[in-house]
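Structural overview
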Amino acid sequence: MISERDSETTLEEDSQPNDEVVPYSDDETEDELDSRQPGAEPGPHPASRDTEDSRDPGKKDCSWQVKANDQHFYEQPSFKRTIFLCFKKSKYAGNAIKTCKYNPITFLPLNLFEQFKRAANFYFLVLLILQSIPQISTLSWFTTLVPLLLVLGVTAVKDLVDDIARYRMDKEINNRTCDVIKDGRFKATKWKDIKVGDIIRLKKNAFVPADILLLSSSEPNSLCYVETAELDGETNLKFKMALEVTHRYLQEESALADFDGLVECEEPNNRLDKFTGTLSWRNSKYPLDADKILLRGCKMRNTDFCHGMVIFAGADTKIMKNSGRTRFKRTKIDSLMNYMVYTIIVVLILLSAGLAIGHTYWEQQLGNSSWYLYDAEDSSPAYRGFLNFWGYIIVLNTMVPISLYMIRFGQSYFINWDLQMYYAEKDTAAKARTTTLNEQLGQIQYIFSDKTGTLTQNIMTFKKCCINGQRYGKLCKQVDFSWNMYADGKFLFYDHYLIEQIKSGKEPEIHKFFFLLAICHTVMADTSDGQLHYQAASPDEGALVTAARNFGYVFLSRTQNTITISEMGIERTYDVLAILDFNSDRKRMSVIVRESSGSIKLYCKGADTVIYQRLHPRSLKREATEEALDVFANETLRTLCLCYRDISQDEFEVWNKKFMEASLATSHREEALDKVYEEIEKNLILLGATAIEDKLQDGVPETISKLSKADIKIWVLTGDKKETAENIGFSCELLTQDTTICYGEDIRQNEILLEKKKKKKKLKLKFPRTAEEKKKQTEKRRRAEAYKEQQQQNFVDLASECRAVICCRVTPKQKAMVVEMVKKYKKAITLAIGDGANDVNMIKTAHIGVGISGQEGMQAVMSSDYSFGQFRYLQRLLLVHGRWSYIRMCKFLRYFFYKNFAFTLAHIWYSFFNGFSAQTAYEDWFITVYNVLYSSLPVLLVGLFDQDVSDKLSLRFPRLYVLGQRDLLFNYKKFFISLLHGTVTSLIIFFIPYGAYLQSMGQDGEAPADYQSFAVTTASSLIFVVNFQASKLGFLSSGALRVSPGTAPNALRQPYHWLTIILSTAICLLPVVAQNRRKYLQEEQQWKRRQSAFRRGVSARRSAYAFSHQRGYADLISSGRGIRKRRAPLDAVLAAGDTGPGHTGHTGHTGDTGDTS
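Just so you know, these numbers come straight off a predicted model, no measurement behind them.

On to the overall build of the chain. Scanning the chain from terminus to terminus reveals 37 helices and 35 strands. The buried share of the chain, reckoned over its 1157 residues, is 55%. Carbon and sulfur atoms provide 55% of the accessible area of the chain, an area that totals close to 51900 Å².

Next up, the structure:
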């Protein structure tokens, strides 16, 4: 079973987690997966085939051909694909993107199709068709058409408004411009007009419009710095480098216009960190990899301009491949409503059948002998009963609710207008981008959150340090750095004693400490407008080098083998002999430098867990530094140890020889280098430790605490490595001191997130398999799929038992897979929140998608259902607006069912007195406007404005939220209670007027017991009952009786009529009032005020320092090619109006412990 699992569901090289390389999706074809199975497919020369594949692994996938500056090249028949019958289209996508659902032609059919997927709407469409048949219809067609058109029209307008907003966003992006070579010159061109093969020019701070091959740039050796926040959420810069041949020959406009290179590469896929291809130009071929590709969504930084060739455009780009398709989302209540409508339809059919049978019996017994009922048609009783069956289907149609979806529009505007969710710093208001999911906000059970930019600001700040056992960084008066000409004005530090020690020069360890920070890194320096700027591979390194700069040890510049530093105003240049770069296995980096005196020293920084293992046995201040590390960890700061050692010339020469051999190794180079690094990084002398704060957004810990108390489980899905994610988990109090942590590698769930993208198999000549071999292969696949599904379910079951889950090193597609697994196996309502393009797939997959308008563009917001400026607003969105919307919708639905049952069932009681003839108990005009006019206002007021508690109490008591999670306010039980309540009401409002009018006389001496007067009395009683049942504002709707047509004005002048209405209303309402009063008294006696229990504490866990996701710039530097607020607690939650927008009470942990994966 193990070998079968490995061959089908995972790759050998991915069987162990690797923190260094982000495992972006493994897009193998099924053929590739088959080829990895032991003895999967016999062939004549399997060994030679394997040898060929290993020699050129990307060869068989390089079927995508792109030729520069030649659009006629793509018109070849081989590049066309059939879309319908004989109609063909180019396989190369245009660069325009589309996230809107409709266009002017498809809006009406698609929108109507979506609306008629609701069972109620489809039912009324069928009903309208039936009403057009005169033989069976006892009601006018307009009684159904008017309400149906009203609901369809309002919903269509709402959908159109939503889609227009998406269209405008698409239009803004598609109409951005960049320079494209046309007719031999660069011309400004809209993004939507860019085509595959075009040569484009991008300028500084511009977004990359498509996936392009970097040809040249303004930097030395055509280096190009890009920010990939839209792709992976990281705001630190990455660098790309063009081929040397294109850098040399493709700098001028004329050369670019004449460029005719041919790129053969892999088909479009969603692997962000992988690219395989070759460039054929001037009779030579050059290999291409991901380091030479700029992906759509990247942003040009610190590069004046660059030139590139479009490889993938529009929907074929990797970011769009990771975005997933736009999904039509439907709430849980919508799904439940469909089943309830099916139930109602079944009940309706049974009732109609029973009444039709009654009419058949009545016709046989009485109808034939009643000469005054003869209609000149000699139809049999059975046929008349059949027609009456359809007649009753029409008469009883109001049992099925239709106008359920109109109040959501108003609820969405309340979210948009909420000033407490307005982020003034960026002028960003909360936005409900959909109007169909509001009540689902009150039922969330799982939240899936991105980390970078969502929980954190992605801003690293140097806070404290420990040097030679002495801790620095105590809060006091802010330090003035005006004495330092290179000081960064944004840097803040609050310990004057450290500055005094630096200026005195009496402590050599302090000098070495900051000298190490200034020299041991892979940061690149850039001077522009007289200002010194740093470009770091990770925010952590940037923070450390910036701290050293402010304390007087300024990194100025570097070359291939030197580095220049200003030490307290004195510039010195040092020879860099080697850079021992960071990776996640080593968890450290080192540099070996030669000082002016000729001595050689190694400076090293890294995680305390690896540094302490390599310290000299007699290294001083170990215990004091370890104590400082614990103190820093308690404050959830990211820690790092600094150390050094002296190296003799002879030792270095011997080691350098091994180092050069490992650097030139053609296989297993990284392993060889790590082994060589280990030989020199030993017997280190400890200098001290740094403490860095990764700033959280305001209110994140309080928000997570409140959401956890609301029984919402929070999972963090991030592309960061484990140490970084765990650190943030403690900082935002997702993890606590009492939390027991279970790591994924310990519970053998590594292969859960394996991605297999199934592609169409290419036509290949294969030896035919025997029937037995095919059967074995099919069985093997079935077992592998079953095993994989079981593993996924085990993963979800285990993770769901945890109080919190953090998934590290996950790709955009894997984020969506995690959400999909929870939806599939837990049947839970999910919410995904993120701020970057890497979160789009997750946002689209979850039931509710929330986008944060952050620093990473608008892709997440464009694809979201709701958006706002800060993570902390999520608690108000769910605990206030979500909870209110759920309660309002549930009350609205229960009341809607009740009033419709009370209205409709009167027809059934009337049938016993009219020979089951499908005659209505009310007049046609009343049936038409009952839901639209007479009973609409109170239910709309309930659906829009009802509040059981205020917003402050909703936030103060998060446990109130569990009502929605457990479906306590609307379910089948509540449905049948509404049915029973409506049945009793219909009996009262029918039989009391019937008994009152049975033998009576009006004031004018005439009997008021005619059909019309009886119908008006019954209808009036119904209006008063259902409106007063909903609210005290019922008289507003009942006032409409004054404009009632027909005999109503005459009936309303009779006091007997009003006495009957009062009696019917009183009998209906008194039991309800008495029941509510009894329930209130019981709750008042049971209620006890509880004191809030705060548990304060901080994690005592050692915090691990986190480097970049990737390797640093060591290779680039060595090659020489790239040289050139914590919120105040809320003291009184119920104080009137003293709290500012967005402020909530600080809440400590509940003390619950649990396993956290």
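Having seen it, we continue.
Now for the sheet that holds strand β31 (residues 804–807). The 7 strands are arranged β16-β34-β33-β32-β17-β29-β31 in an open sheet whose pairing can be described as mixed. The open sheet terminates on both sides in strands that have one partner only, identified here as β16 (431–432) and β31. Against the sheet, helix α27 (residues 873–911) makes contact with β17 (446–449), β32 (830–834), β33 (848–852) and β34 (866–868), and its axis sits at roughly 140° relative to β34, the strand it touches most.

Turning our eyes to something else, we now look at the packing of aromatic side chains. Within this structure, the stated rule accounts for 66 aromatic pairs. Taken together, a centroid distance of 6.2 Å and an interplanar angle of 35° make the contact between F652 and W655 tilted. With F652 and W655 both in helix α19 (residues 649–663) and 3 residues apart, this pair spans about one turn of that helix. Grouped by ring-pair contacts, the aromatic residues F462, F481, F491, F493, F513, F514, F551 and Y553 constitute a single cluster. Over the face of the ring belonging to F186 we find R201, whose NZ or CZ atom lies 4.3 Å from the ring centre. A cation over an aromatic ring shows up here: R282 above the ring of Y249, its NZ or CZ 4.8 Å from the ring centre.

All right, on to a nonpolar patch on the surface then. Taken together, the side chains of L150, V154, V932 and L933 present a nonpolar region at the surface, about 270 Å² in accessible area. With respect to the helices and strands, the residue V932 is situated in helix α28 (residues 924–934).

In the numbering used here, UniProt assigns the feature "transmembrane region" (unreviewed entry) to residues 142–161, 339–362, 389–407, 892–913, 925–945, 975–996 and 1056–1074. Structurally, residues 1056–1074 comprises 100% helix and 0% strand, and the distance from its first C-alpha atom to its last is 27 Å.

With that settled, consider the pattern of salt bridges. Summed over the entire model, instances satisfying the criterion amount to 31 salt bridges. Of the charged contacts, one joins R638 and D540 as a salt bridge, the two residues approaching to 2.6 Å between their closest N and O atoms. In this pair, R638 is assigned in strand β27 (residues 638–647) and D540 in helix α16 (residues 539–550), connecting sequence segments 98 residues apart. When sorted by exposure, R638 lands in the same class as D540, which is buried.

So, on to unusual backbone geometry. In the Ramachandran plot, N468 falls in the positive-phi region, its phi being about 55° despite a non-glycine side chain. On the secondary structure map, N468 appears in the loop between β18 (456–467) and β19 (470–472). We classify N468 as partly exposed; its relative accessible area is 28%. Backbone geometry at D711 places phi at a positive 65°, although glycine is not the residue there. As for its position among the elements, D711 is in the loop between α21 (700–709) and β29 (713–717).

If you walk across this open sheet you meet the 6 strands as β5-β4-β6-β15-β7-β13, and the pairing is antiparallel. Both edges of this open sheet fall to β5 (185–190) and β13 (293–294), since each of them pairs with a single strand only. With 5 bridges connecting them, strand β6 (residues 199–203) and strand β15 (residues 305–312) associate as antiparallel partners. In the sheet register, I200 faces β15, and the bridge partner there is G308.

With 74 residues, the main nonpolar core has L396, F897, Y922, F926 and L1022 as its most contacted residues. Here this core gets 18 residues from one element, more than from any other, and that element is α27. In this structure F926 touches F903, Y934, A1019, L1022 and I1023, once residues within four positions along its chain are discounted. Core analysis: the second largest hydrophobic core is formed by 57 residues, Y92, V180, V196 and V263 among them.

Turning to the pairing of strand β26 (residues 600–606), a few remarks are in order. Of all 7 residues in β26, 7 are buried, a share of seventy percent or more. Neither face of β26 is exposed, since I600, L602, C604 and G606 on one face and K601, Y603 and K605 on the opposite face are all buried. Relative to β26, strand β25 (residues 588–594) runs antiparallel, the two sharing 7 bridges. Looking at β26, one finds that R588 is bridged to G606. Between β25 and β26, which pair antiparallel in sequence order, lie 5 residues; one of them, G598, sits at a positive phi of approximately 100°. Here β26 pairs with β27 via 7 bridges, running antiparallel. Each bridged residue has a counterpart across the sheet, and for K601 the counterpart in β27 is D646.

This part takes up a positive patch on the surface. Positive charge collects at one region of the surface, where R168, K171, K190 and K192 lie side by side. Note that R168 resides in helix α6 (residues 142–174).

Here is the key point about a regular strand: its side chains alternate between the two faces of the sheet. Counting buried positions over the 8 residues of β15 gives 7, a clear majority of the element. Both strand β7 (residues 211–217) and β15 contribute to a ladder of 6 bridges, which runs antiparallel. Bridge pairing in β15 places L214 opposite G308.

Moving on to the environment of Y553. With respect to the helices, strands and loops of the structure, Y553 is situated in strand β22 (residues 553–558). For the pair Y553 and M568, spaced 15 residues apart in sequence, the C-alpha separation works out to 6.1 Å. When near neighbours in sequence (up to four residues on either side) are disregarded, Y553 contacts I502, H511, F514, F515, A518, A548, I565, S566, E567 and M568. Side chain to side chain, Y553 and H511 meet in a polar contact 3.0 Å long.

With that out of the way, let us pick up helix α13 (residues 407–416). The complete set of buried residues in α13 reads I407, R408, Q411, S412, I415 and N416. Those residues of α13 hidden inside the fold are in contact with α11 (332–365), β16, β34, α27 and α29 (936–945).

Look at helix α24 (residues 812–826): 21 Å from first C-alpha to last across 15 residues, which is about the 21 Å you get at 1.5 Å a residue. Burial analysis of α24 places 11 of its 15 residues in the buried class, which makes it a mostly covered element. The set of residues buried in α24 consists of P812, Q814, K815, A816, M817, V818, V819, M821, V822, K823 and Y825. K827 occupies a position one or two residues after α24 and carries a positive phi of about 50°.

With that out of the way, let us pick up the side chain of E227. Tracing the backbone shows E227 in strand β8 (residues 223–227). You can call E227 buried: its relative accessible area is 12%. Of note is the side chain of E227, whose polar atom sits 3.5 Å from the side chain of R301.

Interhelical geometry of helix α15 (residues 508–519) versus α16 gives an angle of 130° and a closest axis separation of 8 Å. In this view, α15 runs oblique relative to α16, as classed from their interaxial angle. Read as a crossing pair, α15 and α16 show a hand that is left-handed. Of α16, the residues touching α15 (which contributes F514, L517 and A518) are L544, V545 and A548. Counted by class, the contact of α15 with α16 contains 6 nonpolar, no polar and no charged residues.

In this section: the packing of α28 against helix α33 (residues 1011–1030). Between α28 and α33, whose axes approach to 12 Å, the crossing angle comes to 20°. For the element pair α28 / α33, the angle class is roughly parallel. As α28 runs across α33, the sense of the crossing is right-handed. Contacts from F926, Y930 and Y934 in α28 reach A1019, L1022, I1023, V1026 and N1027 in α33.

What counts as what
Residues numbered from 1 in each chain as written. Predicted model: local features only at pLDDT ≥ 70, side-chain atom pairs only at ≥ 80, totals over all residues. Heavy atoms only, no water. Helix = DSSP H or I, 4+ residues; strand = E, 2+ residues; numbered from the N terminus. Buried < 20%, exposed > 50% of the residue type's maximum accessible area, 1.4 Å probe, protein only. Areas by Shrake-Rupley, 256 points an atom, 1.4 Å probe, with all protein chains shown as cover. Pairing = 2+ DSSP bridges. Contact = heavy atoms within 4.5 Å. Axes fitted to C-alpha atoms, helices over the stretch in contact; angles between N-to-C directions. Phe/Tyr/Trp six-rings, centres within 6.5 Å; stacked < 30°, edge-to-face > 60°. Lys NZ or Arg CZ within 6 Å of the ring centre and 35° of its normal. Patch = residues over 30% accessible without salt bridge, like charges linked within 9 Å, V, L, I, M, F, W, Y side chains within 5 Å. Salt bridge = Lys/Arg side-chain N within 4 Å of Asp/Glu carboxyl O. UniProt positions renumbered as here; feature names shortened; annotations may be inferred. Core = buried A, V, L, I, M, F, W, Y, C linked by side-chain atoms within 4.5 Å. Lys, Arg positive; Asp, Glu negative; His and termini not counted. Charge placed at Lys NZ, Arg CZ, Asp CG, Glu CD. Polar contact = N/O pair within 3.5 Å; in protein donor to acceptor, adjacent residues only side chain to side chain. Expected span 1.5 Å × (residues − 1). Parallel < 35°, antiparallel > 145°, perpendicular 65-115°, else oblique. Left-handed = near helix turned anticlockwise from the far one by under 90°. Nonpolar A, V, L, I, M, F, W, Y, C, P; charged D, E, K, R; others polar.

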